[in-house]
Amino acid sequence: MYRRLLTAALVSSAIIMPHVLIAQTLPPSPPVITVPPAAKGPADPLSTTPEDLKAFGSLYLRCDGRPNNVTDGESFARFLGAVTLLSLFAPSPEMPDSSERLFGEKGVAVCNELLDNPKQETNGLRRIPLILGRAIHQIEAKNYDTAIADVAKARQEATAIGLVGNPYFDRSMGLSFNIIEAHALLRSGHPAEAQHKALENALRLPFSFYAGLASPTFPEFNRELTSDEEAFYRANGRISRLQGIRFANRLEEAGRFAEAAKWRDSITTVLNAMDTASKDTWTYSVAAISYALAGNWQLADQRAAEAQANMDARIAAGKPETTQAADIERLDLYQVLKQAHEGHLTEARRSFAARSKWIAPSFGAIVATNALLRQGARPDELFGSLAKTPDALWAERRTAALSVMLENDKNNRTLWTFLLPYAKISDYEAASKTVWRVQKSWILAKEPMKDSRFYLETINSGPLTQPEALLLHGALQAKAKGFAGLVILTLPERPSVAYVEFGNPGDADMTADGYLDADTVIAALRPVFPSPEDLAARRKS
């Protein structure tokens, strides 16, 4: 059952087909009603007549969809001891309503009215999301340099009131600075700089699930695998183990097939420990291609045989896998590579080109096979999947991604998922007792799951807190059980659930690319989830 859950998540999520699932997994913004910009809002977006206020809401709603003062900001004011700000958090007569949010230049104008006129918003905690909201409106209006300037302004003001460097801010709204700036840089034609900026959050917070999830790597726009991107994948693949599949895919795009194959085998090891009673065909079919492209035909043949035998056994048992069509396609590509390796290039080209488009194998594997088979090919052999050069495939991929991105910019919804709310500090503090309760745990199951070496962890706490709470509790349990570390499996779309296995360096399941040292995890996350003793001292001070 657990393996089926994981497989379904892999097929439908960002792991096999990597797209960042920010909107689905981060705490949701208020419901959005998409309205065409021309039909939205009052004729004068700055109007404050009683009629327009009643029909279209305050200038605050028209700027970022949120009322004048927000309670999550108040919790930060209390935590920072910003007594002067507390009196500014009066109850708002409005509720959040993103359907009232304006678009593009009209949104810029209404945000300007709140931020720059003599009666501007003076509450620093409310100003920051307004400035970031204006930056998003600037992206909508294609004013990318101005958007970057607004992010810098928001960052400067956040630093001035002591937010930057605060562990709760850095894990919530603080993530928005780099995400929004990165998207503006990308749209202004600077993909390398955009990637570098986007990855800063996750590299600074290597144990933050949401920092990793919300950090786009923009692989469609950057052919080179940089050291920053590699460090990101290695760190993210430890706290969200199955995300290592994204790294394997990216390694193949960089032509590093032997390393990709080892990462794929590592994922197989973890999943087989997760469910010792059955295996998944896809883990072997993807590894077969990686080993073939690496030139390791002994292991390539072995993985292909394991994939075929497992698929046949599942079919014979009346339990065919949902990934069966994709597995067959991957094994077909393996056979193409096998034909080429054995010198049957004409047959290999015909088999590869017969598909107008390959879907299941990684993009890197398809491009590498295309490049291999185009060498020395006759003009009449260059049809179907061989008709385009590798450079043309990269350009086509980039164009498609850019088209989707720019189209989404029009919907007054997607860009706003990058403006995250303030964390509720009380949620972290409320989870303290549960997270640090090792004996008679309310989080960790008493025994490993059936046919598994993994324990199930579940928690009922604030959405932003869940993944890190489960990680810290797993590390505390590892120490209590006499182990040095753990491996953790998390699912992007189910942040309240994790699966953990405990062990020591060198143990069979504690692969080097997935192993987490418990002491390191505890030291990193203790400031965010203080122990009950730490929390008592915090409140006393």
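Residue positions are given per chain, counted from 1 along the sequence in the order it is written. Predicted model: local features are reported for residues with pLDDT of at least 70 only, side-chain atom pairs are reported and counted for 80 or more only, and whole-chain, interface and lining totals are derived from all residues. Side-chain metrics in this entry use all non-hydrogen atoms of the structure; hydrogen atoms and water are not considered.

Right, let's talk about the sheet that holds strand E1 (residues 455-458) for a bit. Two strands pair under a simple rule: DSSP has to find at least two bridges between them. Counting from the N terminus, the helices are DSSP H or I runs at least four residues long and the strands are E runs at least two residues long. Reading across from one edge, E1-E3-E2-E4 is the order of the four strands in this open sheet, with antiparallel pairing throughout. Because the sheet does not close on itself, it has two edges, and the strands there are E1 and strand E4 (516-517). Here, two residues are considered to be in contact whenever any of their heavy atoms come within 4.5 Å of each other. Axis lines are fitted through C-alpha atoms, for helices just across the contact stretch, and the angle between N-to-C directions can take any value from 0 to 180 degrees. Of the strands in this sheet, E1, strand E2 (485-491), strand E3 (494-503) and E4 are in contact with helix H25 (residues 466-480), which crosses E3 at around 20 degrees.

We now examine the environment of Asn 460. Along the polypeptide, Asn 460 turns up in the loop between E1 and H25. Three labels apply to residues, based on accessible area from a 1.4 Å probe with only protein chains included: buried if under 20% of the type maximum, exposed if over 50%, partly exposed otherwise in between. When its relative accessible area of 80% is taken as the criterion, Asn 460 is described as exposed. A sequence separation of 18 residues divides Asn 460 from Trp 442, and the C-alpha atoms of the two residues are 9.8 Å apart.

Moving on to the packing of H25 against helix H26 (residues 518-525). Direction vectors running N to C along H25 and H26 enclose 135 degrees, while the axes themselves pass 9 Å from each other. In terms of orientation, H25 lies oblique with respect to H26. In this structure, H25 crosses over H26, and the sense of that crossing is left-handed. The residues of H26 that touch H25, namely those facing Glu 468, Leu 471, Leu 472, Ala 475, Leu 476, Ala 478 and Lys 479, are Ala 518, Asp 519, Val 521, Ile 522 and Leu 525. When residues are sorted by character, Ala, Val, Leu, Ile, Met, Phe, Trp, Tyr, Cys and Pro go into the nonpolar class, Asp, Glu, Lys and Arg into the charged class, and all the rest, Gly among them, into the polar class. Within the contact of H25 with H26, the residues separate by chemical class into nine nonpolar, no polar and three charged. For this classification, under 35 degrees means roughly parallel, over 145 means roughly antiparallel, 65 to 115 means roughly perpendicular, and everything else is oblique. Crossing handedness: left-handed means the near helix sits turned counterclockwise from the far one by under a right angle, and right-handed means the same turn made clockwise.

Assignment of secondary structure puts Glu 321 in the loop between helix H18 (297-316) and helix H19 (324-341). The class of Glu 321 is buried, set by a relative accessible area of 11%. Under the rule applied, a polar contact is a pair of N or O atoms within 3.5 Å (in protein, one hydrogen donor and one hydrogen acceptor; residues adjacent in sequence only if both atoms are side-chain atoms). Among the polar contacts listed, one links the side chain of Glu 321 to the side chain of Thr 281, at a separation of 2.6 Å. With residues near it in sequence (within four places) discarded, Glu 321 still touches Lys 279, Asp 280, Thr 281, Asn 310, Met 311, Arg 314 and Asp 327.

Of the two faces of E1, the one lined by Tyr 455 and Glu 457 is fully buried and the one lined by Leu 456 and Thr 458 carries no buried residue. Of the strand pairs in this sheet, E1 and E3 are connected by four bridges, and their pairing is antiparallel. The residue bridging Thr 458 from the neighbouring strand is Val 497, located in E3.

Below, the discussion takes up unusual backbone geometry. A positive phi angle, close to 65 degrees, is found at Lys 142, a residue other than glycine. Examined against the element boundaries, Lys 142 turns out to sit in the loop between helix H8 (124-140) and helix H9 (144-160).

For the rest of this paragraph, the subject is the packing of aromatic side chains. Pairing of aromatic rings covers Phe, Tyr and the six-membered ring of Trp, with a centre-to-centre limit of 6.5 Å; geometry is then stacked below 30 degrees between planes, edge-to-face above 60, and tilted otherwise. Throughout the structure, instances matching the rule amount to 13 aromatic pairs. Here the aromatic rings of Phe 169 and Phe 177 are separated by 5.8 Å at their centres, their planes lie at 55 degrees, and the arrangement is tilted. Their ring planes at 90 degrees and their centres at 5.0 Å tell us that Phe 363 and Trp 394 sit as a pair that is edge-to-face. Of this pair, Phe 363 sits in helix H21 (residues 363-374) while Trp 394 sits in helix H22 (residues 390-408), and the two are 31 residues apart along the sequence.

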